[in-house]
Amino acid sequence: MRKKKRTSGKVLAVKLACVAALAGVLLGSAAPDARAADKKAKSEEPFGVIAGSVFRETGFSFAGVEVVVVWEVDGKKKKEWKGRSDARGEFAFRVPAGVGRYTVRVKAD
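Given the structure is predicted, the values throughout are model-derived calculations rather than measurements.

A. Layout of the overall build of the protein chain. Helix and strand content of the protein chain: 1 helix and 5 strands. In the protein chain, buried positions account for 20% of the 109 residues. Accessible area of the protein chain: about 8300 Å², with a carbon and sulfur share of 54%.

B. Structural detail: the sheet that holds strand 3 (residues 76-84). Spatially, the 3 strands line up as an open sheet ordered 3-2-5, and their pairing is antiparallel. In this open sheet, the two edge strands, each paired with only one partner strand, are strand 3 and strand 5 (101-107). This sheet shows a mean twist of 20° between the axes of neighbouring strands, independent of strand direction.

C. Inspection of unusual backbone geometry at higher detail. One non-glycine residue, D74, adopts positive backbone phi at about 55°. By the secondary structure assignment, D74 is in the loop between strand 2 (66-73) and strand 3.

D. Structural detail: the environment of A97. With respect to the helices and strands, the residue A97 is situated in the loop between strand 4 (90-96) and strand 5. Owing to a relative accessible area of 29%, A97 belongs among the partly exposed residues under this scheme. Along the backbone, A97 and E45 are 52 residues apart, and their C-alpha atoms lie at a distance of 8.4 Å.

E. The pattern of salt bridges, seen in detail. According to the stated counting rule, one finds 3 salt bridges in the structure shown. Note that K77 is salt-bridged to E80, the shortest N-O span being 3.0 Å. The partner of R88 in a salt bridge is E90, with the nearest N and O atoms 2.9 Å apart. On the basis of relative accessible area, R88 is assigned to the exposed category, the value being 56%. A single salt-bridge network, built from bridges that share partners, covers K77, E80 and K82.

F. Highlighting the packing of aromatic side chains. Scanning the model with the defined rule gives 3 aromatic pairs in all. An angle of 50° between the planes, with centres 6.1 Å apart, marks the rings of F91 and F93 as tilted. Across the pair, exposure class does not vary: F91 and F93 are buried alike. These aromatic residues form a ring-pair network of at least three members: W71, W81 and Y102. The cationic tip of R94 hangs over the ring face of F47; the distance from NZ or CZ to the ring centre is 3.8 Å.

The rules behind these values
- Residues numbered from 1 in each chain as written.
- Predicted model: local features only at pLDDT ≥ 70, side-chain atom pairs only at ≥ 80, totals over all residues.
- Heavy atoms only, no water.
- Helix = DSSP H or I, 4+ residues; strand = E, 2+ residues; numbered from the N terminus.
- Buried < 20%, exposed > 50% of the residue type's maximum accessible area, 1.4 Å probe, protein only.
- Areas by Shrake-Rupley, 256 points an atom, 1.4 Å probe, with all protein chains shown as cover.
- Pairing = 2+ DSSP bridges.
- Axes fitted to C-alpha atoms, helices over the stretch in contact; angles between N-to-C directions.
- Salt bridge = Lys/Arg side-chain N within 4 Å of Asp/Glu carboxyl O.
- Phe/Tyr/Trp six-rings, centres within 6.5 Å; stacked < 30°, edge-to-face > 60°.
- Lys NZ or Arg CZ within 6 Å of the ring centre and 35° of its normal.

In structure tokens, the structure reads:
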């Protein structure tokens, strides 16, 4: 049985195809209770999507890589999202639309 080679904390070659898009979500159904109304109001707020793919240096997709998106406004950290790339090396985060800087970091375990 071959041992699985562990990758260091550095991802040598990372290609990110990040896309930011603003869109509004419209829901046509009426909210039967307060929680549903709150959820509907939140979903109608404008948002952006940061999505991309992580690749190994060899060009193959890199699954299970930790992806962190940090949102800064006026140089101060406002919010942070964490996730992992899927089996195809892809990731996506729904983020608030607005002025600020979004930083995407990746780290292989």
